[in-house]
Amino acid sequence: MLKALCSVFLFALIENVGCPQFVFCVIVPGPCDPEDLIDGIIFAANYLGSTQLLSDKTPSKNVRMMQAQEAVSRIKAPEGESQPMTEVDLFISTQRIKVLNADTQETMMDHPLRTISYIADIGNIVVLMARRRMPRSNSQDNVEASHPSQDGKRQYKMICHVFESEDAQLIAQSIGQAFSVAYQEFLRANGINPEDLSQKEYSDLLNTQDMYNDDLIHFSKSENCKDVYIEKQKGEILGVVIVESGWGSILPTVIIANMMHGGPAEKSGKLNIGDQIMSINGTSLVGLPLSTCQSIIKGLKNQARIKLNIVRCPPVTTVLIRRPDLRYQLGFSVQNGIICSLMRGGIAERGGVRVGHRIIEINGQSVVATPHEKIVHILSNAVGEIHMKTMPAAMYRLLTAQEQPVYI
């Protein structure tokens with residue numbers, strides 16, 4: 001089953017005299033040094049396989065995500081069966097994307113950057129999609145490259161490559177940044193000053209905003225940070241459910257999402273839903289995977305007294321994004337109300353947006369029951385100060401009884 005938290009980075013290109021012309025491109029910071037992208041960077045990944053899909057020339061975002069999921073479902077081995085894979089080096093630059101066999105360094109694939117239609121990261125899976133180039137002649141090859149659909153629209157063959165990597169989201173963001181850097185280089189080479197947003201304008205805006213909204217102030221106040229001691233019987237569980245604070249947090253750790261009625265955590269009266277656990281018995285949880293944090297807490301079962309260092313936080317995170325006008329890309333993507341990707345260093349991260357959080361309100365308006373398309377429309381057209389309330393999606397599902405808590 002594909003994870004619900006996924007993102008799609010879309011790139012609309014027009015080819016003209018061999019040079020990529022961007023229909024829409026806002027230059028934003030990314031995870032890589034631009035000079036490194038010009039030379040090329042390499043990520044380790046496992047190549048799972050490739051497939052070919054028929055697609056309209058300009059499908060909608062929802063259709064593109066469905067295509068990415070279809071590609072994964074075709075390639076992924078059924079549960080219980082081993083997944084064939086090849087260790088590869090994924091080379092990304094402003095010119096091209098190459099896939100090299102990690103052992104032999106032989107080139108397995110080589111796509112010019114301008115031929116990439118979009119890339120999706122779904123959990124630890126990356127789907128790289130390229131539209132097959134159309135021959136100029138009216139030959140049989142041209143017939144094979146495109147087909148009319150039932151409604152008369154021309155359909156094109158999409159080559160879909162599927163990879164697995166712990167850096168799936170970073171790979172997707174790096175390719176997105178490569179397009180922006182390529183655009184800058186193209187303009188510079190042709191002596192053109194872009195009329196749209198410049199890198200300096202974006203940097204100037206970032207310098208006027210407090211990082212992570214007011215998180216720095218909140219975490220620095222001693223009254224919000226405290227040690228608490230929980231007494232319990234040996235063999236008794238602590239009685240909590242923890243979830244991730246979300247990628248983009250100032251100090252990524254785990255949050256108390258639920259407490260067992262009558263359990264040690266609740267009976268102590270010292271913990272609240274929303275509190276972030278920084279350490280347990282002196283062991284820091286900051287930056288650790290959720291599964292590791294859960295294992296640490298489960299290992300406390302035979303202890304009678306536990307020390308937790310927590311930061312008192314409300315269960316709902318307040319986000320403030322300052323966007324002067326529509327030229328400024330928000331820098332995050334949403335799928336069914338859940339924030340599923342975030343551009344490092346952008347105005348959304350500055351404002352406190354966190355991956356894995358569900359959006360509860362936008363500018364005072366509840367969006368809990370709002371369709372995905374309307375949420376995207378609201379965010380796409382919002383300018384000025386954009387106020388949002390969010391909470392971890394896993395916590396939301398627990399609080400709304402969509403999932404049953406599993407206490408540890």
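Numbering of residues starts from 1 in every chain and runs along the sequence as written. For a predicted model such as this one, the threshold for reporting local features is a pLDDT of at least 70, and the threshold for listing and counting side-chain atom pairs is 80 or more; totals across whole chains, interfaces and linings nevertheless cover every residue. Remark: hydrogens and water are excluded; side-chain values derive from all non-hydrogen atoms of the structure.

## Examining the overall build of the protein
No. 1: Think of it this way: any DSSP run of H or I at least four residues long counts as a helix, any run of E at least two long counts as a strand, and we number them from the N terminus. Tallying secondary structure elements over the protein gives eleven helices and 23 strands in all.
No. 2: Each of the 408 residues in the protein was classed as buried or not, and the buried ones make up 48%.
No. 3: Taking as baseline every contact in the protein between residues at least 6 positions apart, the subset at least 24 positions apart corresponds to 72%. Note on exposure labels: buried denotes an accessible area under 20% of the residue type's maximum, exposed denotes more than 50%, and partly exposed covers the range between, all computed with a 1.4 Å probe on protein chains only. Residues are treated as being in contact if the distance between any of their heavy atoms lies within 4.5 Å.

## Some thoughts on unusual backbone geometry
Excluding glycine, residues mostly carry a negative phi; peptide bonds, for their part, are mostly trans.
No. 1: Phi at Asn281 takes a positive value of approximately 50 degrees, unusual for a residue other than glycine.
No. 2: With relative accessibility at 35%, the residue Asn281 sits in the partly exposed group.
No. 3: The backbone of Asn336 sits at a positive phi, close to 55 degrees, despite the residue not being glycine.
No. 4: Tracing the backbone shows Asn336 in the loop between strand S19 (332–335) and strand S20 (338–342).

## Considering the environment of Asn101
No. 1: Here Asn101 shows up in strand S6 (residues 96–101).
No. 2: Asn101 sits 14 residues away from Glu87 along the chain, and the two C-alpha atoms are 6.5 Å apart.
No. 3: Setting aside chain neighbours within four positions, we find Asn101 in contact with Thr86, Glu87, Glu106 and Met108.

## Quick word on the pairing of strand S14 (residues 254–259)
No. 1: Judged by how many residues are buried, S14 sits mostly within the fold: six of six residues are covered.
No. 2: Two elements, S14 and strand S15 (residues 276–280), share two bridges in a ladder whose sense is antiparallel. Its bridge partner lying in S15, Val254 is registered against Ile277. At least two DSSP bridges between two strands are required for those strands to pair.

## Looking at the confidence of the model for the protein
No. 1: Scored from 0 to 100, pLDDT reflects the predictor's confidence in each residue. Here the protein averages 78 in pLDDT, while 75% of its residues score no lower than 70.
No. 2: When the elements of the protein are averaged for pLDDT, strand S2 (residues 13–16) gives the smallest value, 29, and strand S5 (residues 86–92) the largest, 95.
No. 3: pLDDT under 50 marks residues 134–146. Its contacts with residues more than four places away, or in other chains, come to 17 contacts.

## Digging into the pattern of salt bridges
No. 1: Each reported salt bridge corresponds to a side-chain nitrogen of Lys or Arg within 4 Å of a carboxyl oxygen of Asp or Glu. If you walk through the whole model with that rule in mind, you get seven salt bridges.
No. 2: Between Asp110 and Arg96 there is a salt bridge, with the nearest N and O atoms lying 2.7 Å from each other. Within this pair, whereas Asp110 is found in strand S7 (residues 107–112), its partner Arg96 is found in strand S6, the two being separated by 14 residues in sequence.
No. 3: With relative accessibility at 29%, the residue Arg96 sits in the partly exposed group.
No. 4: The salt bridge involving Glu385 is made with Arg322; its shortest N-O contact spans 3.6 Å. You can see Glu385 sitting in strand S23 (residues 384–392) and its partner Arg322 sitting in strand S18 (residues 317–323), a full 63 residues away along the chain.
No. 5: When its relative accessible area of 42% is taken as the criterion, Glu385 is described as partly exposed.
No. 6: Residue classification places Arg322 among the partly exposed residues on the basis of a relative accessible area of 32%.

## What to know about the pairing of strand S17 (residues 305–311)
No. 1: In terms of strand pairing, strand S12 (residues 225–231) meets S17 through seven bridges, oriented antiparallel. Residue Val228 lies in a different strand from S17, and its bridge partner there is Leu308.
No. 2: Sheet topology places S15 next to S17; four bridges connect them, and they run antiparallel. Bridge pairing in S17 links Gln276 to Val311.

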